[in-house]
Amino acid sequence: MKDTLANTEKKTAYILTLPAVALVFAIILFPIFANVWISFKEVKLKDIRIPEPRAKKIVKSISEDPSKIKILYKLRNSSLLQEIRDVSFKDKFPKNFEIGELDTRCNYKKYTLNCKFGNWPAKYRENFTVVFETNDGSEINKKALKSTKPKLNGSSDNILLNTTFTLKNFKKVLFDDEFIDLLLTTFYYTFFGTVGSIIFGILTAQMVNQKFYGRTFMRSVLLFPYVAPVVALAYTWELLLDPNSGTLNSLLINYQVIETPINLLGQKYIEINILGFDFKLRLALTTVIMFEIWRYFPLAFLFILARLQAIPKELYEAADVDGASPFQKFFKITLPQITAVISILFMIRFIWNFNKFEDVFLLTGGASGTRTLPINVYQQGFAISDIGMGSAVSIVIVVLLLLFMFFYFKLLGKRVDEN
Amino acid sequence: MKTKNLILFVLISSFFLIFLVSIFKILATLQGLDIQNFNLQIIFIFGILISFAHLRIGNKIKIFYKSIIFSFIFVICDGYIIQKLPLWYNIGIFLVLYFFVNKINKYSFEDLKKEHSTQVIFFDFLTLFGILFFSFVIVFPFYMMLITSFKTQIALLVNPLDFSINFGQDLKDLFNSYFVIFKSYKFGKYILTSTIVSVGTVIITLIFAIPAAYAIARLNFFGKTFMSTSILIIYMFPAIVLVIPLYTFFSQLGLRNSIEGLLIVYTATTLPVAIYMLQGYFKSIPKELEEAAILDKLSWFGIISKIIIPLSIPAISSVALYVFMIAWNEFLFSLMFLDNPNSFTLSRAIQYLSGDAETPRQYLMAGSVIVTLPVLFIFVYFEKYLVSGLTAGSVKG
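Residues numbered from 1 in each chain as written. Chains lettered and ligands numbered in written order. Predicted model: local features only at pLDDT ≥ 70, side-chain atom pairs only at ≥ 80, totals over all residues. Heavy atoms only, no water.

1. Thoughts on the overall build of chain B
Scanning chain B from terminus to terminus reveals 20 helices and zero strands. Relative to its length of 397 residues, chain B is extended, with a C-alpha radius of gyration of 29 Å against a globular reference of 21 Å. Within chain B, buried positions represent 53% of all 397 residues. Within chain B, counting contacts between residues at least 6 apart in sequence, those at least 24 apart form 76% of the total. Accessible area of chain B: about 18400 Å², with a carbon and sulfur share of 69%. On chain B, the mean spot of the 28 positive side-chain charges and the mean spot of the 19 negative ones are 6 Å from each other. (Helix = DSSP H or I, 4+ residues; strand = E, 2+ residues; numbered from the N terminus. Rg over C-alpha atoms; globule rule 2.2 N^0.38 Å. Buried < 20%, exposed > 50% of the residue type's maximum accessible area, 1.4 Å probe, protein only. Contact = heavy atoms within 4.5 Å. Areas by Shrake-Rupley, 256 points an atom, 1.4 Å probe, with all protein chains shown as cover. Lys, Arg positive; Asp, Glu negative; His and termini not counted. Charge placed at Lys NZ, Arg CZ, Asp CG, Glu CD.)

Quick look at the structure:
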């Protein structure tokens with residue numbers, strides 16, 4: 001009895017979880033495996049369309065005889081690259097139709113024209129005509145005739161399913177001259193964005209943790225950048241930073257801080273002189289990182305604030321009795337209490353920033369030295385139209401992420417052991 | 001020791017005054033005033049004088065009168081240096097100074113003698129500075145978005161610093177950009193598409209997630225722990241990696257440029273977090289209720305619909321709001337899958353609009369306001385339910 005109960009429970013559980021699992025598998029897990037498959041293939045964007053046999057139907061009347069009609073089918077293979085095999089053709093006609101002469105590839109049965117056209121090579125075109133006559137001499141309704149569409153079927157190779165593989169994509173990705181630069185850019189973007197958002201998160205959390213008027217309101221305002229749509233925010237920033245009539249540049253010029261506008265999003269390097277040393281700063285990249293910090297520090301803020309509010313008050317009271325200074329309290333009590341949260345945040349933000357696509361894409365489109373790996377996936381796949389290359393870059397991303405997670409957990413595991 | 005504390009206090013407070021006045025001057029410039037100089041040195045000297053005078057006077061004069069006197073002196077000197085400024089500017093400066101004097105009122109000579117007093121002062125001012133700085137930095141872009149959408153092309157080009165709105169004009173002129181994007185750019189249709197996609201995603205996600213979350217929370221089956229841990233791992237996985245394979249499949253299946261395609265992808269990407277959040281809540285519901293239901297021979301469908309759902313309305317609605325916000329804000333997949341303007345979502349439409357360099361910026365900003373408002377409204381209105389979910393990592397990004 002108990003056994004059957006457990007069995008039904010199991011069965012129910014599988015029924016309940018199956019739809020969700022199936023969907024997640026089909027849309028998230030399967031594509032990751034498919035990525036591996038595609039990355040070893042030479043596939044261009046234009047190749048992924050399945051070749052289709054197509055027919056355009058043109059109805060023509062024959063010299064003043066309303067009971068006779070000529071139908072012209074413009075047949076073609078939609079693909080410029082692949083052949084279609086065993087093309088079959090079907091079109092229906094009214095019951096009073098009789099056929100005149102007929103192509104040898106076709107037959108006319110039960111008011112249906114059936115044809116077998118055989119194989120069509122790539123770019124194949126043919127004009128195929130049939131002449132019909134009504135058996136009762138009545139007038140032909142051309143519109144009705146036009147409205148029925150012929151059905152064509154054929155089989156073709158799907159380029160994604162064949163088993164020719166190549167290492168070309170990976171060679172191109174890994175031995176590209178700009179690959180190191182690409183990695184560095186991605187790393188700068190990810191690392192500084194992550195660290196910056198965590199630092200800002202600590203500052204704001206520490207701030208909101210104090211009592212002041214309008215604190216709850218402040219908390220929701222601080223979360224605005226995180227919940228608002230990225231499209232709106234990116235374009236607003238673009239407008240703010242615009243060199244020609246952007247608010248920031250106009251303000252700086254108005255206060256005579258700068259003389260000529262700075263193109264913050266369109267200039268790759270800016271030379272800065274600090275203490276007699278010339279630095280070349282990646283300007284556009286820095287701006288994009290600033291946007292990233294601005295948009296994502298609220299997450300760090302929330303996590304850290306939640307942790308700060310859970311720190312027992314007694315700790316601070318004891319510190320006060322001991323005469324600890326605010327700095328000491330921060331470094332000796334607060335910071336050790338939030339290190340665990342910070343290390344989790346670092347991992348989450350690092351992974352998410354590493355994969356960030358929208359922000360950079362909307363702000364600069366990957367121009368002026370802001371091309372990160374995710375942007376490269378898009379550029380390879382859709383701007384250069386090389387699906388295989390795009391997939392290969394995605395695989396590089398996944399491998400780097402797995403490496404990061406491996407080292408992260410190894411380091412973290414060690415620290416846990418030491419404690 | 002005491003002099004060092006005194007000097008530090010005076011310096012910190014005058015820097016704070018500089019910051020306050022500068023922010024106010026920037027805001028005044030953005031209202032179209034012609035202010036070209038902050039006069040930092042003068043404000044600095046004033047800051048030092050006021051803080052020092054404040055300590056000197058102490059409690060001999062009531063704080064109210066003291067603030068008014070200091071502010072008044074400052075306003076007169078400031079007005080003398082930068083002439084031809086409207087009254088509201090001077091009132092504003094007055095209020096800023098009043099606020100400042102009230103803030104430094106806490107400190108006295110006795111405080112400065114205490115241990116760690118400089119650090120306390122430093123932290124106090126840092127907090128104040130932070131509150132103002134972050135409010136400004138965060139609110140400003142939103143403010144700019146809103147104001148720009150009410151401007152005309154010419155006004156924007158003539159003086160990009162003028163952020164004042166002329167409320168005297170016709171309402172039709174004021175909302176001109178909004179009329180234009182609805183009329184000529186079909187924004188009504190995009191709003192409809194976005195709404196259908198977002199609401200559809202919410203419904204489908206809940207239909208899929210509630211049973212699965214219930215099973216994970218309550219039932220014993222092989223692979224349960226594996227499933228609950230893999231939910232989070234899947235959630236961490238990057239969307240950009242899915243883009244190319246999904247694009248190829250969807251092209252071959254004819255699902256691109258269709259709402260169905262978006263619904264499938266959005267549902268799949270929001271499912272893990274929906275299940276994760278719901279199962280956490282379901283676990284907190286007392287088991288006894290279900291045991292009674294099992295004795296009543298209720299099927300699992302009955303248990304879920306008659307017991308679980310009515311008891312977890314708050315959790316379900318907060319998941320629904322999250323899924324709505326995620327689907328509404330989503331950009332990457334709508335960029336990849338939609339290239340026919342007839343099936344655009346709002347985000348994609350705005351991006352498409354910006355692709356044309358001729359599009360005036362106020363239209364772009366009007367579109368941005370339209371796409372931002374519902375999300376901010378939901379967020380502010382339901383904040384109580386949503387904040388705890390954010391810490392559970394419900395919005396990925």
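2. Concerning the overall build of chain A
Assigned secondary structure in chain A consists of 13 helices and 10 strands. Viewed in the frame of its principal axes, chain A has a C-alpha envelope of about 110 × 85 × 50 Å. In chain A, which comprises 419 residues, the proportion classed as buried is 46%. Partitioning the intrachain contacts of chain A with sequence separation of at least 6 by distance along the chain shows that 71% fall at a separation of at least 24. For chain A, the exposed area adds up to about 22100 Å²; of that, 60% sits on carbon and sulfur atoms. Taking the average place of the 50 positive charges on the side chains of chain A and the average place of its 37 negative ones, the gap between the two points comes to 5 Å.

3. Quick notes on the pairing of strand β10 (residues 277-282) of chain A
All names here are of chain A. With six bridges joining them, strand β9 (residues 269-274) and β10 adopt antiparallel strand pairing. Of the residues in β10, the one forming a bridge with Ile 274 is Phe 277. In textbook terms, the turn of a hairpin is the stretch between consecutive antiparallel strands, and for β9 and β10 this stretch comprises two residues, one of which, Leu 275, has a positive phi near 50°. (Pairing = 2+ DSSP bridges.)

4. Some thoughts on the domain arrangement of chain B
Residue and element names in this part refer to chain B. Domain parsing of chain B yields domain 1 (2-158) and domain 2 (182-391). Here the C-alpha centroids of domain 1 and domain 2 sit 45 Å apart. Taken together, the 10 residues of domain 1 in the interface contact nine residues of domain 2. Both faces considered, domain 1 and domain 2 share a buried interface measuring about 750 Å² in area, 72% of it formed by carbon and sulfur atoms. If you sort the residues of domain 1 by the area they bury against domain 2, Met 145, Ser 149 and Gln 153 come out on top, with a joint share of 53%. The tally of links from domain 1 across to domain 2 stands at zero salt bridges. Across the contact surface, domain 1 and domain 2 share zero residue pairs in polar contact (both at pLDDT 80 or more). (Domains from an automatic or database assignment. Buried area = accessible area lost by both parts, 1.4 Å probe. Salt bridge = Lys/Arg side-chain N within 4 Å of Asp/Glu carboxyl O. Polar contact = N/O pair within 3.5 Å; in protein donor to acceptor, adjacent residues only side chain to side chain.)

5. Considerations on unusual backbone geometry
Positive phi, normally seen in glycine, also occurs at Ser368(A), with a value near 45°. Among the structural elements, Ser368(A) can be located in the loop between α11 (358-363) and α12 (373-383). The phi dihedral of Asn257(B) falls on the positive side, at around 60°, and the residue is not glycine.

6. Digging into the interface of chain A and chain B
Across the contact, 96 residues belong to chain A and 98 residues belong to chain B. Where chain A abuts chain B, roughly 8700 Å² becomes buried across the two surfaces, and 80% of that area is made up of carbon and sulfur atoms. One salt bridge connects Glu383(B) with Arg219(A), and the closest N-O pair in it is separated by 3.6 Å. At the junction of chain A and chain B, the tally comes to 11 residue pairs in polar contact (both at pLDDT 80 or more).

7. Overview of the sheet that holds strand β5 (residues 106-109) of chain A
Sheets are built from strands paired through backbone hydrogen bonds, the pairs being either parallel or antiparallel. All names here are of chain A. Spatial strand order, β5-β6-β3-β8: four strands in an open sheet with antiparallel pairing. Of all the strands in the sheet, just β5 and β8 (151-155) have a single pairing partner and so form its edges. Averaged over neighbouring strand pairs, the angle between their axes works out to 15° when direction is ignored. Looking at chain direction, β5 and strand β6 (residues 112-120) are connected through four bridges and run antiparallel. Bridge pairing links Lys 109 to Thr 112 in β6. (Axes fitted to C-alpha atoms, helices over the stretch in contact; angles between N-to-C directions.)

8. What about a positive patch on the surface?
All names here are of chain A. Taken together, the side chains of Lys 56, Lys 60, Lys 70, Lys 74 and Arg 125 make up a positively charged region of the molecular surface. Elements with a minimum of two residues in the positive patch: β1 (53-62) and β2 (65-77). With respect to the secondary-structure elements, Arg 125 resides in strand β7 (residues 125-134). (Patch = residues over 30% accessible without salt bridge, like charges linked within 9 Å, V, L, I, M, F, W, Y side chains within 5 Å.)

9. Considering a nonpolar patch on the surface
A cluster of nonpolar side chains, Ile180(A), Leu184(A), Phe187(A), Tyr188(A) and Phe192(A), forms an exposed patch at the surface whose accessible area comes to about 470 Å². With respect to the helices and strands, the residue Phe187(A) is situated in helix α4 (residues 179-208).

10. So, the packing of aromatic side chains
This model, assessed by the stated rule, comprises 61 aromatic pairs over all chains. With a centroid separation of 5.0 Å and 45° between ring planes, the pair formed by Phe40(A) and Phe170(A) is classed as tilted. Here the residue Phe40(A) occupies a position in the loop between α1 (2-39) and β1, and Phe170(A) occupies one in helix α3 (residues 168-174), the gap between them amounting to 130 residues. Residue classification places Phe170(A) among the buried residues on the basis of a relative accessible area of 14%. Taken together, a centroid distance of 5.5 Å and an interplanar angle of 75° make the contact between Phe187(B) and Tyr190(B) edge-to-face. Placement of the pair is Phe187(B) and Tyr190(B) together in helix α10 (residues 187-218), with a separation of three residues, close to one helical turn. Across the pair, Tyr190(B) and Phe187(B) agree in class, each one buried. Among the aromatic side chains, those forming a connected cluster through ring pairs are Phe187(A), Tyr188(A), Phe191(A), Phe192(A), Phe346(A), Phe350(A), Phe354(A), Phe404(A), Tyr408(A) and Phe409(A). The ring of Phe165(A) carries the charged tip of Lys41(A) above its face, separated from the ring centre by 4.8 Å. (Phe/Tyr/Trp six-rings, centres within 6.5 Å; stacked < 30°, edge-to-face > 60°. Lys NZ or Arg CZ within 6 Å of the ring centre and 35° of its normal.)

11. As for the domain arrangement of chain A
In terms of domain boundaries, chain A breaks down into domain 1 (51-155) and domain 2 (177-385). Using only C-alpha atoms to locate each centre, domain 1 of chain A and domain 2 of chain A end up separated by 64 Å.

12. Brief notes about the packing of helix α2 (residues 40-57) of chain B against helix α4 (residues 87-104) of chain B
Residues and elements named next belong to chain B. Running from N to C, α2 and α4 point in directions that differ by 45°, and their axes come no closer than 11 Å. Classified by the interaxial angle, the pair formed by α2 and α4 is oblique. Viewed along their axes, α2 and α4 form a crossing whose handedness is right-handed. Between α2 and α4, the residues in contact are Ile 50, Ser 51 and His 54 and Leu 97, Phe 100, Val 101 and Ile 104, respectively. Tallied by class, residues from the contact of α2 with α4 come to five nonpolar, two polar and no charged. (Parallel < 35°, antiparallel > 145°, perpendicular 65-115°, else oblique. Left-handed = near helix turned anticlockwise from the far one by under 90°. Nonpolar A, V, L, I, M, F, W, Y, C, P; charged D, E, K, R; others polar.)

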